[in-house]
Amino acid sequence: MKSYAKFLGKRILYMFLTLFLIASITFFLMKLLPGTPYSNQDKLSEEQIFIMNEKYGLNEPVPVQYLVYITGLLKGDLGVSFQFNNTPVTELLSTRVGPSMQLGIQAVVLGTVLGIILGVIAAMNQNTWIDTTATFTAILGRSIPNFVIAVLLQLIFGVYLKWFPIALWNDGFQSSVLPTLALAISPLADSARFIRTEMVEVLGSDYVELARAKGLSRWIVAFKHGVRNALIPLVTILGPMAVGLMTGSMVVENIFAIPGIGEQFVKSIMTNDYPTIMGVTVLYSAMLVGIILVVDILYGVIDPRIRVATEGGDN
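Residues numbered from 1 in each chain as written. Predicted model: local features only at pLDDT ≥ 70, side-chain atom pairs only at ≥ 80, totals over all residues. Heavy atoms only, no water.

Engineer: Quick question: what am I supposed to make of the overall build of the protein chain here?
Structural biologist: Scanning the protein chain from terminus to terminus reveals 14 helices and zero strands. For the protein chain, long-range pairs separated by at least 24 residues make up 74% of all intrachain contacts whose partners lie at least 6 apart in sequence. (Helix = DSSP H or I, 4+ residues; strand = E, 2+ residues; numbered from the N terminus. Contact = heavy atoms within 4.5 Å.)

Structure below.
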């Protein structure tokens with residue numbers, strides 16, 4: 001157990017090192033962006049631009065700006081937004097993280113659960129029309145970009161059927177249904193393909209044949225022995241799925257006019273709002289490395305043999 005705690009400690013240390021590298025690289029790349037944060041620069045005199053740069057510390061050499069930013073970051077200070085009247089970036093993001101997290105969690109849970117069910121059904125009916133239909137559905141869901149699906153959902157369920165709001169975040173849970181469906185398609189397709197592949201292999205193993213020989217029904221064998229083993233590779237792809245949702249949510253949030261972090265990120269890039277760009281990048285990165293850490297922990301929960309192997313390896 002002590003070795004496992006040491007293993008987790010190392011992972012947490014690597015997590016902070018990763019965040020530091022991402023913040024540093026993003027800072028210097030951001031300085032290469034063309035243009036300035038002042039949308040009306042042509043109407044400003046040189047003296048006014050100098051005063052503005054002095055106010056935001058942009059007259060300082062880049063290495064000095066970097067040290068100031070990193071120092072503030074270590075204290076939890078992400079600076080102030082150029083676009084929103086000097087509003088602290090932490091305050092700006094805290095008001096927008098709710099809708100993004102709600103959509104992300106709903107999409108991952110919905111997509112993963114439906115994907116597992118679809119994958120199990122396909123594996124249990126291997127080489128039948130049910131298997132073909134489920135596999136085709138998964139491939140179709142992975143091939144179509146989520147912004148195309150978002151527009152189709154708006155057209156069908158918003159414009160024609162009028163079941164859900166087309167856009168905005170004014171009707172509570174109903175406002176989240178269509179963007180959640182648009183984001184859930186990718187995790188659904190990925191989960192279904194992985195579960196089907198793993199289940200087909202597991203269902204052909206000797207211990208499953210032994211379980212069947214004992215008289216257990218095929219569905220009990222499938223869920224008791226098959227799904228649990230198939231979940232391990234599924235956990236492996238949770239990280240990439242989360243990344244896909246993060247990048248996809250930026251577009252989907254704009255399509256549905258959701259006041260989330262993705263929409264804020266697009267606006268901050270268009271206006272060269274440097275502190276907000278950095279703040280969103282650091283926040284997304286923290287969420288991503290946090291998910292990867294959770295995935296590592298889930299390995300040990302799903303299959304204790306992995307935890308034992310880790311402890312043994314450290315010893």
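Engineer: Mind showing me how you'd approach the pattern of salt bridges here?
Structural biologist: A pair can form between side chains of opposite charge whenever their charged atoms are brought close. Summed over all chains, the structure comprises two salt bridges. With a closest N to O distance of 2.8 Å, arginine 196 and aspartate 131 form a salt bridge. Placement of the pair is arginine 196 in helix H8 (residues 173–203) and aspartate 131 in helix H6 (residues 129–143), with a sequence separation of 65 residues. Residue classification places aspartate 131 among the buried residues on the basis of a relative accessible area of 4%. A salt bridge links arginine 193 to aspartate 190, with the shortest nitrogen-to-oxygen separation between them at 3.2 Å. Of this pair, arginine 193 and aspartate 190 both sit in helix H8, three residues apart, which is roughly one turn of the helix. (Salt bridge = Lys/Arg side-chain N within 4 Å of Asp/Glu carboxyl O. Buried < 20%, exposed > 50% of the residue type's maximum accessible area, 1.4 Å probe, protein only.)

Engineer: Teacher, can you tell me more about a nonpolar patch on the surface here?
Structural biologist: A cluster of nonpolar side chains, namely Met101, Ile105, Val109, Leu110, Val113, Leu114, Ile117, Ile121, Leu181, Trp219 and Phe223, defines an oily patch on the protein surface of about 930 Å² accessible area. At the level of secondary structure, the elements contributing two or more residues to the nonpolar patch comprise helix H5 (97–124) and helix H10 (218–236). Looking at the secondary structure, you find isoleucine 105 in helix H5. (Patch = residues over 30% accessible without salt bridge, like charges linked within 9 Å, V, L, I, M, F, W, Y side chains within 5 Å. Areas by Shrake-Rupley, 256 points an atom, 1.4 Å probe, with all protein chains shown as cover.)

Engineer: Any chance you could explain the UniProt feature "transmembrane region" (unreviewed entry) in the protein chain here in plain terms?
Structural biologist: Summarizing the sequence annotation, UniProt attributes the feature "transmembrane region" (unreviewed entry) to residues 12–30, 103–123, 144–166, 172–189, 231–257 and 277–299 in the numbering used throughout. Helix makes up 100% of residues 12–30 and strand 0%, with an end-to-end C-alpha separation of 27 Å. Taken end to end, residues 172–189 has its terminal C-alpha atoms 27 Å apart, with 94% of it in helix and 0% in strand. (UniProt positions renumbered as here; feature names shortened; annotations may be inferred.)

Engineer: I would appreciate a short explanation of the packing of H5 against H6 in the present structure.
Structural biologist: In a pair of packed helices, the angle between the axes and the distance between the axes together describe the arrangement. Running from N to C, H5 and H6 cross one another at 145 degrees; their axes reach a closest spacing of 8 Å. Note on packing geometry: the crossing formed by H5 with H6 is left-handed. Taking contact as the criterion, the partners of Leu118, Ile121 and Ala122 in H5 are, on H6, Ile130, Asp131, Ala134 and Thr137. Classifying every residue of the contact of H5 with H6 gives five nonpolar, one polar and one charged. (Axes fitted to C-alpha atoms, helices over the stretch in contact; angles between N-to-C directions. Left-handed = near helix turned anticlockwise from the far one by under 90°. Nonpolar A, V, L, I, M, F, W, Y, C, P; charged D, E, K, R; others polar.)

Engineer: Quick question: what am I supposed to make of the packing of helix H7 (residues 146–160) against H8 here?
Structural biologist: At their nearest, the axes of H7 and H8 sit 9 Å apart, and the two run at 145 degrees to each other. Taken as a pair, H7 and H8 cross one another with a handedness that is right-handed. Of the residues in H8, those in contact with Asn146, Ile149, Ala150, Leu153, Gln154 and Phe157 of H7 are Leu178, Leu181, Ala182, Leu183 and Ile185.

Engineer: I tried to follow the packing of aromatic side chains on my own but got confused; where do I start?
Structural biologist: The description of an aromatic ring pair uses the distance of the two centres, along with the angle that the planes make with each other. The final tally for this structure, using the stated rule, is five aromatic pairs. Feature note: the residues Phe27, Phe28, Tyr66 and Tyr69 constitute an aromatic cluster, connected by ring pairs. (Phe/Tyr/Trp six-rings, centres within 6.5 Å; stacked < 30°, edge-to-face > 60°.)

Engineer: Sorry if this is basic, but what is going on with unusual backbone geometry here?
Structural biologist: If a residue is not glycine, its phi is most likely negative; likewise, a peptide bond is most likely trans. One non-glycine residue, lysine 162, lies in the positive phi region at around 60 degrees. Mapped onto the elements, lysine 162 comes out in the loop between H7 and H8. A relative accessible area of 64% places lysine 162 in the exposed class. A positive phi is found at alanine 257, a non-glycine position, where the angle reads about 55 degrees.

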